[in-house]
Amino acid sequence: GFGASDLRAEPVDDKLIIDGEKEMITRTKAPEGHPFDEVLSGWLFRTPETRAMEADSFQNPAMLYVERGAEIWNTVDGAAGKSCASCHGDAAESMKNVGAHYPKWNAAAGKPYNIELQVNDCRAKNMQAEPYKFDHADQKALVTFIKHQSLGTPMGIDLSQGEMKSWWEKGKDLYYTRTGQLNLACASCHEANAGKYIRADHLSQGNVNGFPTYRLKQANMVSLHNRFRGCIRDTRAEQPKAFSDELMALEVYVTWRGTGLSIETPAVRQ
Amino acid sequence: AWAAGPVGPNDVKFEDATVKASLTGQPGDAAAGRKAFADKKLGNCLACHKNSEMSEQLFHGEVGTPLDGVADRWKPEELRAIVVNSKQVFGPDTVMPGFYTLEVGTHVAKNFQGQTILTAQQVEDIVAYLGTLKE
């Protein structure tokens, strides 16, 4: 039938303007070679309440994590006696728009780096501090803070550096590979069925521009690799490790799929 | 001959997109099938299918065809084939999982390796339940 559920199955026609001031690009023309004509932010698929929460930074619970990230930024840690600020100064300047262009090729490591890996490098090499364990609360807060310095900036990564293109290719292969006992690929849900409900969840295009995101279900920040792992687990497949070559390749490819969408960190999702 | 166990997932015979014989040699139980259909750990069919007969359940997905009146559209041997391995009926690109097949995706999690999503009896139960969905 053509009941209410069919109408709800569309992304909304609405604008995301943070605090009534800063408009986010939540739909934009897809880059060449993209399966869609238009790329859409996950925000357009959420309920009115969830959308409103993200649009108002006083209501957005994740702004607490941004504040916590600012604290960590300025806190000395490690044997070198330095904080992030010792080298990078005011993040509002030094980190402005930086997060919008990750993952980035890292020549020394010979692989793409996301913000988490770059932060761990700085901790190890520049601060003589322990790298963060995956999903340590401070890692999520610091990455949220850094990405937030790109709020509104269109996402765009440089595929011409190093071997980024081959990582993109690998990520693309993975995106279309069906995994697990349920035999589903990322594309089964986020390409073939974007806009439809899968049980109570409104499927979006699965874009990464809001990460780390605040998930109401978990009442906590969720990192991108945690989300990837969750989606893969739901196909009843083994989950690749965070920051493994598989998940880094996926991050490169999926970030490209969202090219041009504003960084919304910290986004609110259910 | 001795009544053998249920036919194994690799031995199911597809003929023109149908599976003629019951996998267990027994008829299914529609009431049990109704439960397995809704159970998130078993069929979880509602994740993808709307089914008005189950309006007590809150959320119905939209990824698949609504199943209202499905028994008017498909014969039992066709419904069995769809549930056992939908790819035999809809082609390799369908998003619907195969519930009694070992033709699955890569990197299956350890605790699910070599196993089908449903048992032969659960497939028969669900097929019996689908047979009641007439308009």
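Cut-offs and rules
Residues numbered from 1 in each chain as written. Chains lettered and ligands numbered in written order. Predicted model: local features only at pLDDT ≥ 70, side-chain atom pairs only at ≥ 80, totals over all residues. Helix = DSSP H or I, 4+ residues; strand = E, 2+ residues; numbered from the N terminus. Contact = placed C-beta atoms within 7 Å. Rg over C-alpha atoms; globule rule 2.2 N^0.38 Å. Buried ≥ 20, exposed ≤ 12 C-beta atoms within 10 Å, placed from the backbone. Domains from an automatic or database assignment. Nonpolar A, V, L, I, M, F, W, Y, C, P; charged D, E, K, R; others polar. Pairing = 2+ DSSP bridges. Core = buried A, V, L, I, M, F, W, Y, C linked by C-beta atoms within 7 Å. Axes fitted to C-alpha atoms, helices over the stretch in contact; angles between N-to-C directions. Parallel < 35°, antiparallel > 145°, perpendicular 65-115°, else oblique.

Enquirer: For the overall build of chain A, give the residues involved together with the corresponding values.
Expert: Within chain A, the secondary structure is distributed over 11 helices and 11 strands. In terms of overall dimensions, chain A has a C-alpha envelope of 65 × 40 × 35 Å along the principal axes. Across chain A, contacts joining residues at least 24 apart in sequence account for 71% of those joining residues at least 6 apart.

Enquirer: So what's going on with the overall build of chain B? Residues and values would help.
Expert: Across its full length, chain B holds 5 helices and 0 strands. Taking 135 residues into account, the globule formula puts the C-alpha radius of gyration at 14 Å, and chain B, at 14 Å, falls close to it. Projected onto its principal axes, the C-alpha positions of chain B cover 40 × 35 × 25 Å. Looking at the 135 residues of chain B, the share that counts as buried comes to 41%.

Enquirer: Before we move on, can you summarise the domain arrangement of chain A with the specific residues and values?
Expert: By a frequent convention, interface size equals the accessible area lost on bringing the separate parts together. Residues and elements named next belong to chain A. The domain architecture assigned to chain A consists of domain 1 (4-60 + 158-269) and domain 2 (72-148). Here the C-alpha centre of domain 2 lies 23 Å away from the C-alpha centre of domain 1. In this complex, domain 1 contributes 18 residues to the contact, which on the side of domain 2 involves 19 residues. Counting only elements with at least two residues in the side of domain 1 that touches domain 2, the list comes to helix H8 (164-175) and helix H11 (245-257). For the side of domain 1 that touches domain 2, the element with the highest residue contribution is H11, accounting for 4 residues. Within the side of domain 1 that touches domain 2, the residues separate by chemical class into 10 nonpolar, 6 polar and 2 charged.

Enquirer: Please give an account of the sheet that holds strand S11 (residues 268-269) of chain A that cites residues and values.
Expert: All names here are of chain A. The 3 strands lie next to each other as S10-S9-S11, forming an open sheet whose pairing is mixed. Only two strands of the sheet have a single neighbouring strand rather than two, namely strand S10 (220-222) and S11. The pairing of strand S9 (residues 213-215) with S10 spans 3 bridges and is antiparallel. Note on S10: the bridge partner recorded for Arg215 is Asn220.

Enquirer: Can you tell me about the nonpolar core, naming the residues and giving the values?
Expert: The biggest cluster of nonpolar side chains holds 40 residues, and the ones touching the most others in it are Val83, Val84, Tyr100, Val123 and Ile126 of chain B. At the level of elements, helix H9 (186-190) and strand S7 (197-198) of chain A together with helix H1 (30-38), helix H3 (76-85) and helix H5 (120-130) of chain B are the ones that each hand at least two residues to this core. Considering each element in turn, this core owes the most residues, 7 residues, to H5 of chain B. With residues near it in sequence (within four places) discarded, Val123 of chain B still touches Leu23, Arg80, Val83, Val84, Phe99, Tyr100 and Leu118 of chain B. Among the nonpolar cores identified, the runner-up in size contains 29 residues, and Val66, Leu151, Val222 and Ile263 of chain A belong to it.

Enquirer: Describe H3 of chain B, with residues and values.
Expert: Residues and elements named next belong to chain B. Where burial is concerned, most of H3 is hidden: 7 out of the 10 residues are buried. Three or more residues of H3 are buried, namely Leu79, Arg80, Ala81, Ile82, Val83, Val84 and Asn85. Buried positions along H3 lie against helix H4 (87-90) and H5.

Enquirer: Lay out the packing of helix H3 (residues 63-73) of chain A against helix H7 (residues 137-148) of chain A in plain terms, naming residues and giving numbers.
Expert: Residues and elements named next belong to chain A. Running from N to C, H3 and H7 cross one another at 100 degrees; their axes reach a closest spacing of 7 Å. Here H3 lies roughly perpendicular to H7, going by the angle between them. Between H3 and H7, the residues in contact are Tyr65, Val66, Arg68, Gly69, Ala70, Ile72 and Trp73 and Asp138, Lys140, Ala141, Leu142, Thr144, Phe145 and His148, respectively. Residue composition of the contact of H3 with H7, grouped by class: 8 nonpolar, 3 polar and 3 charged.

Enquirer: So what's going on with the environment of Ser94 of chain A? Which residues, and what values?
Expert: Residue and element names in this part refer to chain A. Checked against the element boundaries, Ser94 lands in helix H5 (residues 91-94). Here Ser94 falls in the partly exposed class, since 14 other C-beta atoms lie within 10 Å of it. In this structure the C-alpha to C-alpha distance between Ser94 and Gln149, which are 55 residues apart in sequence, comes to 9.1 Å. Filtering out sequence-adjacent residues up to four positions away, Ser94 remains in contact with His88 and Gly89.

Enquirer: Got a sec to walk through unusual backbone geometry? Specific residues and values, please.
Expert: Residues and elements named next belong to chain A. Cis geometry marks the peptide bond from Phe211 to Pro212, where omega comes out at -15 degrees. Positionally, Pro212 belongs in the loop between strand S8 (201-202) and S9. The omega torsion across Thr265 and Pro266 is 0 degrees, close enough to zero to call that bond cis. Tracing the backbone through its elements, the reader meets Pro266 in the loop between H11 and S11. Located in the positive-phi region is Phe243, a residue other than glycine, with phi close to 65 degrees. Within the element layout of this structure, Phe243 appears in the loop between helix H10 (224-233) and H11. Residue classification places Phe243 among the partly exposed residues on the basis of 17 C-beta atoms within 10 Å.

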